[in-house]
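The primary structure of each chain is shown beneath.
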Amino acid sequence: MTLAQLIRLLQSSVCFGTVIMYGSIGEILTEKSGNLNLGVPGIMYLGGISGLAASFFYEFNNPDPSPVICLLLSFIAAFLASALGGLLYSFLTITLRANQNVTGLTLTIFGGGVANFFGGSLNTMAGGVGQISVATTSAVYRATIPGLSNLGAVGALLFNYGFMVYLAIIVAIAMHWFLNRTRKGLNLRAVGENPATADAAGINVTRYKYLATCVGAGISGLGGLYYTMDYIKGTWANDGTIESLGWLAVALVIFATWRSLNAVWGSYLFGLLFWIYLVIPNLGRDSIELFKMLPYLVTIAVLIAISLRKKRENQPPASLGLPYFREER
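Predicted, not measured: the structure shown is a model, and the values here were computed from it. (Residues numbered from 1 in each chain as written. Predicted model: local features only at pLDDT ≥ 70, side-chain atom pairs only at ≥ 80, totals over all residues. Heavy atoms only, no water.)

Draft legend 1. Seen up close, the overall build of the chain. Along the chain, the regular secondary structure elements total 14 helices and zero strands. Sequence-ordered secondary structure for the chain, helices as α and strands as β, is α-α-α-α-α-α-α-α-α-α-α-α-α-α. The C-alpha radius of gyration computed for the chain amounts to 20 Å, which stays within 12% of the reference 20 Å derived for 329 residues, consistent with globular compactness. Sorting the 329 residues of the chain into buried and exposed places 48% on the buried side. Sequence-distant contacts, at least 24 apart, represent 76% of the contacts inside the chain between residues at least 6 apart. Put simply, the chain shows about 15,200 Å² of open surface, and 66% of that area lies on carbon and sulfur atoms. With 20 positive and 14 negative side-chain charges, the chain shows a spacing of 10 Å between the two charge centroids. (Helix = DSSP H or I, 4+ residues; strand = E, 2+ residues; numbered from the N terminus. Rg over C-alpha atoms; globule rule 2.2 N^0.38 Å. Buried < 20%, exposed > 50% of the residue type's maximum accessible area, 1.4 Å probe, protein only. Contact = heavy atoms within 4.5 Å. Areas by Shrake-Rupley, 256 points an atom, 1.4 Å probe, with all protein chains shown as cover. Lys, Arg positive; Asp, Glu negative; His and termini not counted. Charge placed at Lys NZ, Arg CZ, Asp CG, Glu CD.)

Here it is as structure tokens:
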């Protein structure tokens, strides 16, 4: 393996890992409240199409679009649309007490359908499939740090990425601090472990569940935005990739043992395993698909190891996926 091949592999791993890192971090926050949201793929779809649509209509109607406005419109639209998806999930599972697994899977189908419908509409408006282009917005997301990206191999490996790569790491660190060093974070963890006890202690269980699920969904949706604006350079691909990445993000939550800092290196490891075939010569198509299964196989191995060791700190929140009925407290 040459140095150029190694750098290319690591860069691909970071970019790939950033997509699923957002999805995983958002789901970790959601699950810490006791809600199991399997709608992460659908939420990432909503984030991707909302950010793309907002920037597309702005650029389409402005011959000289402002990069700052492009960034703000797409970012805010993606976060809000994803948070609304989380709000819908919360209303169904917390207020109406619908089954969390079924609701999450339904949200995935709903998000994928909505995104592909509007993606097809945008393609039609742009003149045909593959003609969508939000060049100004995509350029902002893919802009690298001036000067640092030209520092040879080190610059290519550490600084040759758009700002959302670094933002994902910052969000992961901030979430770790919030969950472990703040009173509200500890309250949220108490809600996820034993909502009845938290309720008896005066913690508003419903409020914490709603906020964690909505904010977590908003963060997950940024993964879809990053994929659309940076990973595929400001267009729309109706090939189901976002859905597959969303499920990989859910798997990463288990691999990271519900810790946001573990999701950082775990996401890059998943990316490395997914793209390792790039440096293995003479692989057939079937062999490549087998290599793409590696992240899932590693997740299964970690899940088995966690189950056998039974260390409490590596287990999911005790009330994960269970509805809370205050009157039964």
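Having seen the model, we can carry on.
Draft legend 2. Representation of the nonpolar core in the model. If you look at the biggest cluster of nonpolar residues, it comprises 68 residues, and the most contacted ones within it are I20, L52 and W236. When residues of this core are assigned to their parent elements, the largest contribution, eleven residues, is made by helix α1 (residues 3-32). Excluding residues within four positions of it along the chain, L52 makes contact with L122, I132, V134, T228, M229, G234, T235 and W236. (Core = buried A, V, L, I, M, F, W, Y, C linked by side-chain atoms within 4.5 Å.)

Draft legend 3. Here's a closer look at the packing of aromatic side chains. By the definition in use, this model includes 13 aromatic pairs. Considering the side-chain rings of F16 and W275, the 6.3 Å spacing of their centres and the 90° angle between planes classify their relative orientation as edge-to-face. Residue F16 is located in helix α1, and its partner W275 is located in helix α12 (residues 260-275); the two are separated by 259 residues in the primary sequence. With respect to burial, F16 and W275 carry one shared label: buried. (Phe/Tyr/Trp six-rings, centres within 6.5 Å; stacked < 30°, edge-to-face > 60°.)

Draft legend 4. Molecular detail of a nonpolar patch on the surface. Nonpolar side chains collect at one region of the surface, where L290, M293, L297, I300, I304 and L308 lie side by side and expose about 610 Å² of accessible area between them. When residues in the nonpolar patch are grouped by element, the largest group, four residues, is from helix α14 (residues 294-309). By secondary structure assignment, the location of L308 is in helix α14. By relative accessible area, which is 69% here, L308 ends up exposed. (Patch = residues over 30% accessible without salt bridge, like charges linked within 9 Å, V, L, I, M, F, W, Y side chains within 5 Å. Salt bridge = Lys/Arg side-chain N within 4 Å of Asp/Glu carboxyl O.)

Draft legend 5. Summary view of the layout of surface pockets. Estimated volume of the largest pocket: approximately 320 Å³. For the lining of the largest pocket, the secondary-structure elements that each account for two or more residues are α7 (163-181) and α8 (183-193). (1 Å grid on protein atoms, 1.4 Å probe; cavity = no way out; pocket = protein on both sides within 12 Å on 5 of 7 lines; lining within 4 Å. Points joined across faces, edges and corners; volume = space filled by probe spheres on them.)

Draft legend 6. Main features of the packing of helix α11 (residues 241-255) against α12. It is the contact of α11 with α12, at a shortest axis distance of 10 Å, that shows an interaxial angle of 130°. With respect to each other, α11 and α12 are oriented oblique. Taken as a pair, α11 and α12 cross one another with a handedness that is right-handed. Seen from α11, the contacting residues are L248, A251, L252 and F255; seen from α12, they are A263, W265, G266, S267, L269 and F270. (Axes fitted to C-alpha atoms, helices over the stretch in contact; angles between N-to-C directions. Parallel < 35°, antiparallel > 145°, perpendicular 65-115°, else oblique. Left-handed = near helix turned anticlockwise from the far one by under 90°.)

Draft legend 7. Focus on α1. Helix length check: α1, at 30 residues, gives a terminal C-alpha distance of 41 Å against a target of 44 Å (1.5 Å per residue), a fit within 8%. At T18, α1 shows its maximal kink, close to 30°. Downstream of α1 by one or two residues, G34 has phi in the positive range, about 100°. (Expected span 1.5 Å × (residues − 1). Bend = angle between axes of the 7 residues up to and from the residue.)

Draft legend 8. Structural view of the packing of α1 against α11. Running from N to C, α1 and α11 point in directions that differ by 55°, and their axes come no closer than 8 Å. Between α1 and α11, the interaxial angle falls into the category oblique. Like other packed secondary-structure pairs, α1 and α11 cross with a definite hand, here right-handed. Here α1 contributes F16, V19, I20, M21, G23, S24, E27, I28 and E31 to the contact with α11, which in turn contributes L245, L248, A249, L252 and V253. Its residues assigned to classes, the contact of α1 with α11 comprises ten nonpolar, two polar and two charged. (Nonpolar A, V, L, I, M, F, W, Y, C, P; charged D, E, K, R; others polar.)

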